[in-house]
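So you can see what is in the structure, the chains are spelled out below.
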Amino acid sequence: MSKAKPFYISKKSIMAAWERVKANKGAFGVDEESIEDFESNLKRNLYKIWNRMSSGTYFPPPVRAVEISKSDGRKRLLGIPTISDRVAQAVVKDHLEPVVEPKFHEDSYGYRPGKSALDAIGVARQRCWRKDWCIDLDIKGFFDNLDHALMMKAIRFHTNEKWIHLYVERWLKAPLQWEDGELIERERGTPQGGVVSPLLANIFMHHAFDDWMSRHFPEVKFERFADDIVAHCSSLKQAEKVLEAIRNRLKICGLELHPEKTKIVYCKDADRKCSYKHESFDFLGYTFRPRLSKNKRGMIFVGFSPAVSNQAANRIRKEIRSWKIHLRSDKNLTDLARMFNAQVQGWVNYYGRYYKSAMYPFLKNIERYLTRWVMRKYKRYQGHKQRARKWLGRVRKSEPGLFVHWRMGLGSPVG
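Residues numbered from 1 in each chain as written. Predicted model: local features only at pLDDT ≥ 70, side-chain atom pairs only at ≥ 80, totals over all residues. Heavy atoms only, no water.

Draft legend 1. The overall build of the chain, seen in detail. Across its full length, the chain carries 15 helices and eleven strands. Along the three orthogonal principal directions, the C-alpha set of the chain runs to about 80 × 60 × 40 Å. Looking at the chain as a whole, 49% of its 415 residues qualify as buried. Long-range contacts, defined as pairs at least 24 residues apart, comprise 66% of the intrachain contacts of the chain with a sequence gap of at least 6. Surface summary for the chain: the accessible area is close to 21200 Å², and the carbon and sulfur share equals 50%. Within the chain, one finds 77 positive and 47 negative side-chain charges whose respective centroids are separated by 8 Å. (Helix = DSSP H or I, 4+ residues; strand = E, 2+ residues; numbered from the N terminus. Buried < 20%, exposed > 50% of the residue type's maximum accessible area, 1.4 Å probe, protein only. Contact = heavy atoms within 4.5 Å. Areas by Shrake-Rupley, 256 points an atom, 1.4 Å probe, with all protein chains shown as cover. Lys, Arg positive; Asp, Glu negative; His and termini not counted. Charge placed at Lys NZ, Arg CZ, Asp CG, Glu CD.)

Draft legend 2. Geometry of helix α5 (residues 117–130). Given a rise of 1.5 Å per residue, 14 residues ought to cover 20 Å, and the 20 Å separating the end C-alpha atoms of α5 matches this to within 8%. Burial in α5 covers these residues: A117, L118, A120, I121, G122, A124, R127 and C128. Contact partners of the buried residues in α5: β6 (222–225), β7 (228–233), β9 (281–283), β10 (286–294), β11 (300–308) and α12 (333–351). Looking at where α5 begins, the residue whose side-chain oxygen comes 3.4 Å from the main-chain nitrogen of L118 is S116. (Expected span 1.5 Å × (residues − 1). Polar contact = N/O pair within 3.5 Å; in protein donor to acceptor, adjacent residues only side chain to side chain.)

Draft legend 3. Here's a closer look at the pattern of salt bridges. Applying the stated rule across the entire model yields 17 salt bridges. In this structure, E97 and K93 form a salt bridge, with 3.5 Å as the shortest nitrogen-oxygen distance. Taken together, the residues span about one helical turn, with E97 and K93 both in helix α4 (residues 83–100) at a distance of four residues. Residue classification places E97 among the buried residues on the basis of a relative accessible area of 16%. Among the residues examined, K93 registers a relative accessible area of 22% and is labelled partly exposed. As a salt-bridge pair, D107 and R127 come within 3.1 Å of each other at their nearest N and O atoms. Of this pair, D107 sits in the loop between α4 and α5 while R127 sits in helix α5, and the two are 20 residues apart along the sequence. (Salt bridge = Lys/Arg side-chain N within 4 Å of Asp/Glu carboxyl O.)

Structural data, given as structure tokens:
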């Protein structure tokens, strides 16, 4: 390393960051440079990043602004950095994450090594069984409203590395750029889509919420995945007190609870005889509410349990409909299985972890489209739905593992 370089950043760390960015793939940024474009001149591109970062002259380009639709009809703003900027962000993330990760709260689950959304759902399920009440917390526009000064204060608390301070601050201030070239200057927030943004969010919420809760309400357990939080209480009175305290705490940190979406919930089951205006909540694609369940002895009871939410189920139905399976008569069944099994298996892995039967209605839609596919592809089955279903049933008998939903017993009856 040249003595003229004020910051020590190894070339090896730049290469490791690139490998991770390449593995994650992703869309292009404002310069429209793809992963393949970047890799075509890899040595020069990585040297340029190393040279500028280690000399303090790296300035991030604007972030490409993309709006995606949310399940509630609103828009979520994503910020997509360039490939070069993703590599630079990954370098900082790789240095900063090992420093902060051991300090994070055990019930922070989002974007952390060895933790997942399903872990958070499983812990929430257990705690809803133990505690009668919970608070469903929804932070209004968290990523859009993150306070830059408080964010930098938290970064300086965890590391003395000046180059990390320098580049995190520059990323926070990097403007968003719309497709027409219009630039949006930012004084608050960190756009979703950046490599380092999830880690910054966790650092911020560690101080704004996790650590604060541990000190002020150590008896109140919670699960947090980024800005989605569930906190468990023993009584309505305690829940009201804790909610008010959280609301005030977040206000101090420049954040606001969503007035309509934040609520206290009664975790009603067979043993809880009271009633309350809210007896369900959504968390990470699952709806928690009273449901008929079966214990180990086969006895039916009412438990407060999670299952795939209506919003998630409707989104999946829409996705299945968009495949237009019934119109793909140029394909055979093996082709169709190859095209869609990975997506279906992903749904089963996630939404089938708890109360799997709630998935069956929308998975059966695949079989309905396959039946229509048979009727369209083979003339002898046109207008003969039952015969088409029996044909599928015979195929299922001979190849039971061909489709994911067949493996779950959701195919047509054997003809």
